[in-house]
Structures are given as C-alpha cells and as structure tokens.
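These are the residues of each chain, in order.
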Amino acid sequence: MTQELRIGVDGLNCASCVARVERVILNHPGVESAEVNLASGLALVRFEQTSVPELLEAVRAAGYVPVTESISLGIGGLRCASCVAGIERRLRAVPGVLEANVNLSTESASVVYLPATVSRERLAQTIRAAGYEARLPDQPQESDETRQARELDRLKRDLRFAAALSLPLLLLSMGPMSLPGLHQLMERLAPMTVWQWLQLLLATPVVFWSGRRFFNRGIKEFAQLSPGMDSLVMLGSGAAYGYSLLALTRPQLFPTGTAHLYFEAAAVIVTLILFGRYLEAIAKGRTSQAIRRLLDRKPPTARVLDAAGETEIPSEAVIPGDVLLVRPGERIPVDGLLIEGASHVDESMISGEPVPVRKGPGDAVIGGTLNQTGAFRYRATHVGADSVLARIVQLVQEAQSSKPPIQRLADRIAAVFVPIVIGIAVLTFGVWLWLGPEPALNHAFVAAVSVLLIACPCAMGLATPTAILVATGRGAGLGLLFRQGAALSTLARVDTVVFDKTGTLTEGRPALTELTAFGLDENAALALAASVEQHTEHPLGAAIVAAARARGLSLSDAGEVEAHPGLGIQAKVDGQMVVVGARRWMEQLGVDLEPANALTTRSNSTATPIHVAVDGRLIAVLGVSDPIKSGSREAIQRLVEQGLDITLLTGDGRPTAESIARELGIRRVLAEVMPADKSAEIARLQAEGRCVAFVGDGINDAPALAQANVGIAIGTGTDIAIESGSVVLMRGDPRAVADAVVLARRTLRTIRLNFVWAYGYNVALIPLAAGVFWPFTGWQLDPMLAAGAMSLSSLFVVTNSLRLRTALSGRE
C-alpha cells in the first residue's frame, strides 16, 4: 500500500535545489514519486516500503536539512513492559514517526518525528486512543513560522555585517574614481598599497563569513556534479576575490595592465544577493499567512463538563465523547454535535460566507468557528487530525506540495540550466580573452562573472509554487479547496461547466412554493393538510408539515388515518374527513375540481400540485417543488459572462429540467440521465474536444466528478466529500463555482507572467552580461549590477504572486 510523507527541507533556494532533492529522493530504493515545493519548503514523498531514516540521511548528504522534531510526552496509566511495547508499536505505526521509545520508570515517551507529516497533538491522541493518559510538554514545538523567523534573523544579521563592511570597501575602491580629491587625500595619508590591503581585510569576512552559505552549498553541489544557484554565486564572488588576491600578492603573474582588484565586486555581490534573499524570505513568509490564520482560530482551551462540574483543559486534550460548554463570543474548540441550547455561529473561516448560521440540537458545529449569540453544550465528535479544520489544512498543504505540468517542465529546464550557464560563462571568457579589447583579460573576466551572476535560476523555481501557495491559501479563506495544484491550472482552461441539478442548483429538498385556498383562509387550509400529512413519511408531506410549522400553525390530532400509495392520504380531523393527494384520486372520489381548473398558469411550472378536500369539497391546491437556490441565477450569469458554456445534467424528466434551465438561463439540457450514465455524458462532451468541469454534491456523483477534467464537489460543513472532486466548495452556494473559476484564471495568468519574466529576463540579460552588445553600444554589465538584478528578479516573482491574496476581495 502506497504511503505518503511530507518532509520539511531547509536550504532550498532555487529550481536547481528542487531538482537535486527530487533526484536524491527518487533514487532511494522503494520511492515511487517525489515532489519538492520551493515556496513551502516541503517534499511530498510517496512510497510502498523504504527506510525513512536512510532517506533523510541521503537528503542531508546532498547538503539540505530535513526538518525533524523531538518531543517527550508524559504518559499516565503505564503498568508493565507490555504497556510500553504496545504504545511504542502504535507510535511507530503513525506516518512520520522516526523513533519512539517509552520509559516505564519515568512514564514518558521520547519521539522523533517529521512535523510536516504528523503533529505532536496527533502523537498524544494516539496514546490516548490506546487507553492511556498523554501529557504534552509545556514548551511549544517550533512552528514553520518560527523557523522562518529564525532564518530571517540569520539573514538579517549576515546582511548587516556584510553591508557594514561593503560600504567602506566601495568607498575605498570606487571613491578615488568618482569623488574629486579623494585619491590625493588617500595618498597623503598612506601609500595606495596599504589601502589595497585594507580592501582585502574588509572583503574577506564578507565573502567567507556572510557568504559562507553559498560556499558550503556550492562545494556540495559540485561534489555531486549537480551545480545550482549557490554554485553560480560561489563561482562569481569566489572568482572576483581570487583574481583580486592574486593581483594583490602576485601581480607579476598577470599581463601588463590587467592586475586589477575586484574585492568590492566580490563583497557587494554577496551583500546584494543576501539582500535579495532577505526580501524574498519576507515575501515568502507572507505566502502561507492564510493557512496560519486558519490554525490560529483554534482556541487553546476547552470547557469540559463531567460529574465533577466544569473543567478547563487544553483543546488538544479533548477526546471524542466529551461534553463541552461554549459561551457567547467564544470560539468552538473541536468539532461536535450540539445537544443543548441554541445559537448563531460565524462559520466564515470555513465557508467564506459572512452570514452567521443558526444552530440547534442535532446540528454540527466546527472547531475554530465563532459562537455569537447564545451558550450551548455539545458533544465532541472529531478532534486533532480528524477535525474539519485539520482536514482543510492538510488538503491545502497537499495542493501546495503538488505540481502542475507547467512546473514539471520548468524543473526539467532548471536541472540543465546551470550547467549550460557555466558553459556560456566559460565560452564568454574564452571569446573575449581571444578577441576582446585590451586589457582583454579584465574584459573577459568581468563578462564571465556577470554571466554567472545574472543567470541564477531562482525566479524560475519560484514562478509556479509561490502562485499556487498564495492561491490555495486564499481559496481556503474563501471556502474554495483545491485538492491538487494542477486543478487550479486545469480549471482555468475549462470551457464547459456541467451542473447537476438536485442539491447543486436547487435546495435538494421539497418545499411548499404555492398555496391557493377556495372559500377558506390559507393558514386554515394548510393546517388541515398538515394535520393529515404529519402521519406520513412522504417527502412531499414533510414539506407541507414544515411549511405549517414555519408559519407557527397549530396542528390537530387526526384519526382513522389511511394512506393510499401513489394517490395520497386521508384522515378525520375535528370530525371532518380530510383528503390530501393527487388530482386523479380527487377525480375518483368525485370531488369537483372546477376551482382548480380556473387557476392561471403558475409562475413555477415545476411544482407538483397537491389537492386538499374536506368532506368531498375542494378547499385548496398546494404546490410543492425543489426550490432553486438563491445564488443559482447569479452563478450561471457570471459563468456565462466569463465565456463558459453551461449544461444542466439531471435525472429529472425533460419538462421539469427544461423549465429550470429556462429560469436559470441555461441553454443546454441533458435530462432523464441515470446516475450511472452521468460519467458517460461527461465523456461524450470531452470527445467533442471540450474541457469539462462537473459540479455535483460530491456524494452521488462520484463517477462523473472523477471523469470530468475538473470535478467540483459542492458541500457544506462537515458533510464535505473531499475525496470526490479535485475542487471542494465548503459552502452550498453555486456562486462559489464562479469564484473558483476567477481564482484559477487569475492564478494561471500570474504563473504565466512569472514565467515570462523569469525566462525573458534570462534570455535578455545573459547576452547583455556576455557582452554581445558591447561592439555596437559599448554596454558591459558590471558584476555588482548583475547580482542586484538577479535578486530583483526573484523578488518580482514572489511579490507578483502575493497579489493573489486580494483575489475576489470584491467578488469579481
């Protein structure tokens, strides 16, 4: 059976890093697939059987750091060695656990695990499920946000140090050429040789201390014959430093006039790239803010009610079956079913809809949502990794870890890009050394170093994952869940949307939509009909009873109840014989239907007419239908405006289906289609060359959802069928389909713009750096400018992707 692991990887900087880590993982025995995401720093690994510790060691040997955590959990209830063995066996069976050792004497478990795959709360829950108590340590585990902040602090410290030394170095090297009188002043103070040695002293700590990360990684990349971005930076800054060191200490080795110093270039290259990394880290830290905001909504504590009264415990310690109390203004700790009380709950963090939802006994509540008006008690049903919030976060993380086809192509290009750039740099050096103007060595050296620095493939590696990361996080905040990153790009190319009817465009439950009474008050006629129908389980009867109760009508007791399948039901109410049923039954009973015949054509021709007679006299005609959802018309209109063809697919009869289609503005109708045949209809549309999205309730329409290019499962609350479609809508409003299409199209446009910039940038500037334009224009790119331009390229890609955080802010 295939297993999945998510492994956090520190040290990913560019697309070459991604390709290298993927290659190392894929070469490990037993691994089926590996997808590494540069923006999130996660590797998604699928395997049937493999040694995970050896796999992590292989990643570590490649120069990257797998993120692991260790934790000591207190355990209550340990009695013997068999208890120890049982808990160890259960913990080691949890995906993501690397080591688990239980100590009977200290009543504790020491666990080493992958935090990207399993949480410490899940570990504690595993112990509780085995029948023991589990106590989490007081110190919190290091979160992704904490790790990002730590790396940001390291970058800031190294950047400040580098800048503090690089600025005076620039003054010493460039000042005499640009500031009048400075050269003479420096010569009066000390010989120029002293100032040159001072440049060496200033540059050395910048290159080898602040820039140590480039050299550490670059050496490992070359050792594995897989050069990447750090290799290019190492070569560029190292070449400038080495050339300058030799020119200072062994000038006789150089042709006359070529022993120039480039210490300032070596130091400023490191400083500028660190600055770009720092800005990039700040921007990348913002890409997953939507998911962090979701996680932050979960309250830290919960009030548990038991025989001893009310006890406040950590929300992670709640187990299914616990009864909890929630007061107005508090967030709900875990998922559950309300058993006492009522309230309105703000579920916007899950559904994206700001209107609070009324909750009463028997209704489901979701952990993290905000209770507003009333206090209530509820019973916990799903906790930890099984909760709706945890499933949403896992779903989004899986989407962020997956790769659309466009990214796979980019990774393949990046894998060969750096070696090609090194080849171009060598060729550039050779050509200018042979043909360049005097001093040819300096000209060739500057051009080759510029090529190395301008072509770092960071922007290529970030083009897709940052956009996917931001878009899926934004979608989660709007109640739009993408199960795979590829679903975003596919949905953006969809040209046909097929809607299921029942439960998707309609409410999915019958309701009273029409009522006409003859010689009697409407409420009185409805009360009589409901008094009879309350004794049947038929859906149409239930709709009549629900309508009566919604109006606050009192129902009478009925006697001599007699149901006639296919016709209706009759009973005695307050001494009167009340018959409720179909027209043909009324005709059989000899009821005069002339009043009904005189009715004008109904505005809703899809309603099923139900006749009500008292003692042989017609008193009312009721119309029961499956009402159209309030957002269906707007949803169809928005999709049509986006240039999409809309099709209605239903098992209902053609007259009913066409009537609903006319009301919604849908031109194409596929009616009387059995559930088993829906996927065949989708396949037929695809055979016409269409890219099809199918929208269904995610439960009965699984084959059609799977057949479509994009399956969109509409669900609400805890009833989400997340396994049915590649896109899951947390709210039942069909307008969410239009929102999903808008978000997908904006994401694809963003990815394309990122790629145009990343590739166009390199295609345009590599020739400039190589000096192709120098014979015609005299342009030659300075290595320092090349380093700064490379950093700005990556920053553009990340900031461009961050614009997706405001997508649908005005519901385009």
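Residues numbered from 1 in each chain as written. Predicted model: local features only at pLDDT ≥ 70, side-chain atom pairs only at ≥ 80, totals over all residues. Heavy atoms only, no water.

Things to note about the sheet that holds strand 1 (residues 3-10)
Next, step 1: The strand order across the open sheet built from four strands is 2-3-1-4, with neighbouring strands paired in antiparallel fashion. Lying at the two open borders of the sheet, with one neighbouring strand each, are strand 2 (31-37) and strand 4 (65-66).
Next, step 2: Where strand 1 and strand 3 (residues 42-47) come together, six bridges link them in antiparallel fashion. In the sheet register, L5 faces strand 3, and the bridge partner there is V45.
Next, step 3: Packing against the sheet, helix 1 (residues 15-26) makes contact with strand 2 and strand 3, and its axis sits at approximately 160 degrees to strand 2.
Next, step 4: Sitting on the sheet, helix 2 (residues 52-61) touches strand 1, strand 3 and strand 4, and the angle it makes with strand 1 is about 30 degrees. (Pairing = 2+ DSSP bridges. Helix = DSSP H or I, 4+ residues; strand = E, 2+ residues; numbered from the N terminus. Contact = heavy atoms within 4.5 Å. Axes fitted to C-alpha atoms, helices over the stretch in contact; angles between N-to-C directions.)

Observations regarding the UniProt feature "transmembrane region" (unreviewed entry) in the chain
Next, step 1: UniProt tags residues 159-182, 194-211, 232-249, 261-279, 413-435, 447-471, 755-777 and 783-802 as "transmembrane region" (unreviewed entry).
Next, step 2: End C-alpha atoms of residues 194-211 are separated by 25 Å, and the span's content is 94% helix alongside 0% strand.
Next, step 3: Spanning residues 232-249, this segment combines 100% helix with 0% strand, and its end C-alpha atoms are found 25 Å apart. (UniProt positions renumbered as here; feature names shortened; annotations may be inferred.)

A look at the nonpolar core
Next, step 1: Core analysis: the biggest nonpolar cluster contains 141 residues, and L491 and V497 have the highest contact counts within it.
Next, step 2: Element by element, the count of residues in this core is highest for helix 26 (residues 735-770), at 17 residues.
Next, step 3: Two domains each donate at least three residues to this core, and these are domain 1 (3-66) and domain 4 (479-507 + 630-741).
Next, step 4: Residues contacting L491, with those up to four places away along its chain left out, are F482, A693, V710, I712, A740, V741 and A744.
Next, step 5: A525, L528, L553 and V614 belong to the second largest nonpolar core, which has 28 residues in total. (Core = buried A, V, L, I, M, F, W, Y, C linked by side-chain atoms within 4.5 Å. Buried < 20%, exposed > 50% of the residue type's maximum accessible area, 1.4 Å probe, protein only. Domains from an automatic or database assignment.)

Overview of the pairing of strand 13 (residues 343-346)
Next, step 1: As paired elements, strand 13 and strand 14 (residues 357-359) share three bridges and run antiparallel to each other. Along strand 14, the bridge assignment pairs V345 with V357.

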